[in-house]
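# Architecture at a glance
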Amino acid sequence: LRAQFPGRKIVFSLGRLVGYKGYAHLVEAAGYLPDDYVVVIGGEGPLRNELEAQIDGAGLQDKVRLIGYLDSDTAHNWFAACDLYVMSSVWKTEAFGIVQIEAMSCGKPVVATRIPESGVSWVNEDGISGLNVTPGNARELADAILQITSNNCIFASYSENARKRYLNNFTFEKMIRNATNKYNKI
């Protein structure tokens, strides 16, 4: 997958192409990124045509790719191939964001949003496993992507911390143990 974008940093996102996912803001953010970045969005949904029109209208055809539905194995391959994962969601309909955990399990830093009354920014610990930004702010998305990826030492630290956060909090065994402990306290 990396061979499709030689010499470029791959920013990956995955989900249904619906309003609460905030993909219009991620597409806009791509316009602020240097040409050696590509944003790859996996998933299908009712906003596909609208997003394609936005990409074409902004002249971002070489910087944003909508790659459609991904089966589980292909999605995992994209998580492994990308440099960074972005969760651009804007509404609390996005309650948790398991895709962030999938990215962290592969040691990928995450840029997510601080959605009020949502667990998204708890999953991605700001300044540790990645950065959390204001929902709907394309410039902040782009700045956070650049902040994480522009320096190899900083990038390596976020990558290592993302993997550690996954191992310390989100493995199947840890999540079962934590849930069991909560039930046992009732």
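In the block above lies the structure referred to throughout.
We now turn to the structure provided with this report. Just so you know, these numbers come straight off a predicted model, no measurement behind them.

Reading the values: rules and limits
Residues numbered from 1 in each chain as written. Predicted model: local features only at pLDDT ≥ 70, side-chain atom pairs only at ≥ 80, totals over all residues. Heavy atoms only, no water. Helix = DSSP H or I, 4+ residues; strand = E, 2+ residues; numbered from the N terminus. Axes fitted to C-alpha atoms, helices over the stretch in contact; angles between N-to-C directions. Parallel < 35°, antiparallel > 145°, perpendicular 65-115°, else oblique. Contact = heavy atoms within 4.5 Å. Nonpolar A, V, L, I, M, F, W, Y, C, P; charged D, E, K, R; others polar. Core = buried A, V, L, I, M, F, W, Y, C linked by side-chain atoms within 4.5 Å. Buried < 20%, exposed > 50% of the residue type's maximum accessible area, 1.4 Å probe, protein only. 1 Å grid on protein atoms, 1.4 Å probe; cavity = no way out; pocket = protein on both sides within 12 Å on 5 of 7 lines; lining within 4 Å. Points joined across faces, edges and corners; volume = space filled by probe spheres on them. Pairing = 2+ DSSP bridges.

## What about unusual backbone geometry?
In this structure, Glu 117 is a non-glycine residue whose phi angle is positive, near 65°. Inspection of the secondary structure puts Glu 117 in the loop between strand E5 (110–113) and helix H5 (120–123).

## Some points on the packing of helix H7 (residues 152–169) against helix H8 (residues 172–184)
Axis separation between H7 and H8 bottoms out at 6 Å; the angle between their running directions is 45°. Between H7 and H8, the interaxial angle falls into the category oblique. Contacts between H7 and H8 involve Leu 167, Asn 168 and Asn 169 from the first element and Lys 174, Met 175 and Asn 178 from the second. For the contact of H7 with H8, the residue count by class is two nonpolar, three polar and one charged.

## Overview of the nonpolar core
Residues Val 39, Ile 41, Val 64, Val 86, Val 111 and Ile 145 are the most contacted members of the largest nonpolar core, which totals 28 residues. Listed by contribution, the elements that provide at least two residues to this core are helix H1 (23–30), strand E2 (37–42), helix H2 (48–57), strand E3 (64–68), strand E4 (84–86), strand E6 (130–133) and helix H6 (138–149). Of the residues forming this core, the biggest block, six residues, is contributed by H6. In this structure, Ile 145 is in contact with Val 11, Leu 33, Tyr 37, Leu 84, Val 86 and Val 111, ignoring residues within four places of it in sequence. If you look at the next biggest cluster of nonpolar residues, it comprises 25 residues, including Ala 75, Tyr 85, Met 104 and Val 120.

## Section: empty space enclosed by the protein
All told, the structure shown has one cavity of 30 Å³ or more when counted by the stated rule. Approximately 40 Å³ is the volume found for the largest cavity. Every residue lining the largest cavity is listed: Ser 13, Leu 14, Lys 21, Tyr 23, Tyr 85, Val 86, Met 87, Ser 88, Ser 89 and Val 99.

## A word on the sheet that holds strand E1 (residues 9–14)
Overall, parallel pairing links the six strands, which are arranged E3-E2-E1-E4-E5-E6 in an open sheet. Each end of this open sheet is capped by a strand with a single partner; those strands are E3 and E6. If you compare each strand with its neighbour and ignore which way they point, the axes differ by 25° on average. Sheet analysis places E4 next to E5, joined by two bridges and oriented parallel. What sits directly across from Tyr 85, in E5, is Val 110. Together, E1, E2, E3 and E4 form the strand contacts of H1, whose direction differs from that of E2 by roughly 165°. Packed onto the sheet, helix H4 (residues 98–105) meets E1, E4 and E5 and runs at close to 165° relative to E5.

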